[in-house]
Amino acid sequence: MNDPGLVPYLAVGAALFGIGVAGILSQRSALMVLMSVEVVMNAAVLTLVAFWRFVRPDRFDAQVFAIVAITIGAVEMAAGLGLLLLLLRQRGSVNVDSARELKG
Amino acid sequence: MTAWIVFAALSAVAIAAAAAMLVTMSMYRAGLYLMSSLVAIAGLFLLLGADLLAAVQIMMNVGGMMVMVLFMVMMMMDPGGESMWKMKRDMGMRGPGALAMRMPNGPPPADPKHREHYQMMAEMAMTTTQLPWAIAVGAASAVGLGAVAITTAWPLATAAPNSDASVEVGHLLMSKYMIAFEGAAFLIVAGIAGAVMLGKREGAPKAPPAPPSAPAVDQHEHLHPGGHG
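Residues numbered from 1 in each chain as written. Chains lettered and ligands numbered in written order. Predicted model: local features only at pLDDT ≥ 70, side-chain atom pairs only at ≥ 80, totals over all residues.

Participant: What should I look at first to understand the interface of chain B and chain A in this one?
Facilitator: Accessible area lost when the parts come together is the quantity often used to give the size of an interface. Taken together, the 74 residues of chain B in the interface contact 61 residues of chain A. Only helix H1 (2-23), helix H2 (27-47), helix H3 (51-75), helix H7 (131-151), helix H8 (165-174) and helix H9 (178-199) of chain B provide two or more residues apiece to the side of chain B that touches chain A. Here the element with the most residues in the side of chain B that touches chain A is H7(B); it accounts for 12 residues. For the side of chain B that touches chain A, the per-class residue count stands at 58 nonpolar, 15 polar and 1 charged. (Contact = placed C-beta atoms within 7 Å. Helix = DSSP H or I, 4+ residues; strand = E, 2+ residues; numbered from the N terminus. Nonpolar A, V, L, I, M, F, W, Y, C, P; charged D, E, K, R; others polar.)

Participant: Quick question: what am I supposed to make of the confidence of the model for chain B here?
Facilitator: Reading predicted coordinates in detail is not appropriate for stretches of low pLDDT. Residue and element names in this part refer to chain B. Chain-level pLDDT for chain B is 79 on average; 83% of the residues reach the 70-or-more range. Summarising per-element confidence for chain B, the mean pLDDT is lowest in helix H10 (residues 213-223) (47) and highest in H1 (93). Scored below 50 in pLDDT, residues 215-229 shows 2 contacts in the model against residues more than four places distant or in partner chains. The ipTM value of the predicted complex is 0.90, and its pTM value is 0.82. (pLDDT = per-residue confidence, 0-100.)

Participant: Looking at this structure, how should I read the packing of helix H1 (residues 6-26) of chain A against H1(B)?
Facilitator: The description of two packed helices rests on the angle between their axes and on the distance between the axes. Where H1(A) contacts H1(B), the axes come no closer than 9 Å and their chain directions differ by 5 degrees. It follows that H1(A) is roughly parallel to H1(B) by the angle criterion. Residues A:Pro8, A:Val12, A:Ala15, A:Leu16, A:Ile19, A:Ala22 and A:Gly23 of H1(A) form the contact with H1(B), whose own contacting residues are B:Phe7, B:Ser11, B:Ala14, B:Ile15, B:Ala18, B:Ala19 and B:Leu22. Its residues assigned to classes, the contact of H1(A) with H1(B) comprises 12 nonpolar, 2 polar and no charged. (Axes fitted to C-alpha atoms, helices over the stretch in contact; angles between N-to-C directions. Parallel < 35°, antiparallel > 145°, perpendicular 65-115°, else oblique.)

Participant: I tried to follow the domain arrangement of chain B on my own but got confused; where do I start?
Facilitator: Split into domains, chain B comes out as domain 1 (1-103) and domain 2 (168-198). When each unit is reduced to the centre of its C-alpha atoms, the spacing between domain 1 of chain B and domain 2 of chain B is 28 Å. (Domains from an automatic or database assignment.)

What follows is the structure in C-alpha cells.
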C-alpha cells in the first residue's frame, strides 16, 4: 500500500473545517467562537500544505503563504482576546448574545 | 504502511480533539483539547515534509493557545466547568456534555417550576438555540468539501521535495516575499498596540498617590549620594 496521498489530507481538512463551522455557529461564549475560528484556520493551512506537497513540491511559495496565514491567525487571536477582555469588563460576560447592541 | 498508521493516528487525534473541544463543559479542557488538535496537525505537517511549518505551528499556535488557557483560568467564573456539571446532573439532563446545555427555545413557560428551569438554562446555556442547524451546516460543508476533494482530478506531481525547505523559505521570504514579510511584522505591531489599547483599563488610577515626603527624599539621596545630579 502506498503512503497517504492528497485526498486523505483533504478529507481531514474538510472534517476539521466542518467541526469549526459547527462550533462558530453554535457556541454561546465568544471564547469558544474564537477557538472554533482557530480550528477552521488550521484546516485551511493543513489543506494548503497538502497541496504544496502533492501538487507543487518544487515551489516553496505555499509554505511562505502558510507562515503568513499562521501569523495572521496569531494576531487575530491577540486582538480577539483584547476585545473579549473589554467585553468582559463592560458587560460582565463574554456571551455573544449579550453583545447585541453596539453602543457602549 | 507506517505512514498510513501515523497518518491515521494523527488525524484521528486532530479530529477527535477538535470535536471534544465543542463537547466538553470545561473551558479549560476545551483549550487543552484545541492545543492537542494543533499539535496533531503539526505532526501531519511533519508527515507532509514541512518541518519548518511544524515548528512554526507549535511555536506560534500552541504557544498562543497556552496564553489563552491562562486567560481562561484568570477570567472565567468557572473554568473547570464543575458547577455546570453539577447543574446538569441535578437537572437530570441527558446528552453529550455541552451540547445538552442548549438555550431554551420559545417563550418562558407559565408553570413556575418549569419557568425557573427555563430561566436558569437561559442564563447558563453553553450553546445557542441554533445548535441543530449549526451541526447540520458543519456536517454539510465537511461532506461537500470531501466530495469535491474526491471527485476533482488534481494535477498531482510525482516528485518529492528534495531540497531543504527552511533554506528555500528563508530565501523566498527575504527576496520575493519581502513585502509580505514586512507587512506581517507591521501587522504584529499593530495587533499588539491594538490589543494593549483595547485592554487598557479606562478611568484607572493614573499613578499611586505620592508617598510621604520624608522617605522619598531619603530614597532620592540614597540613589544619588552626591545630590548634584
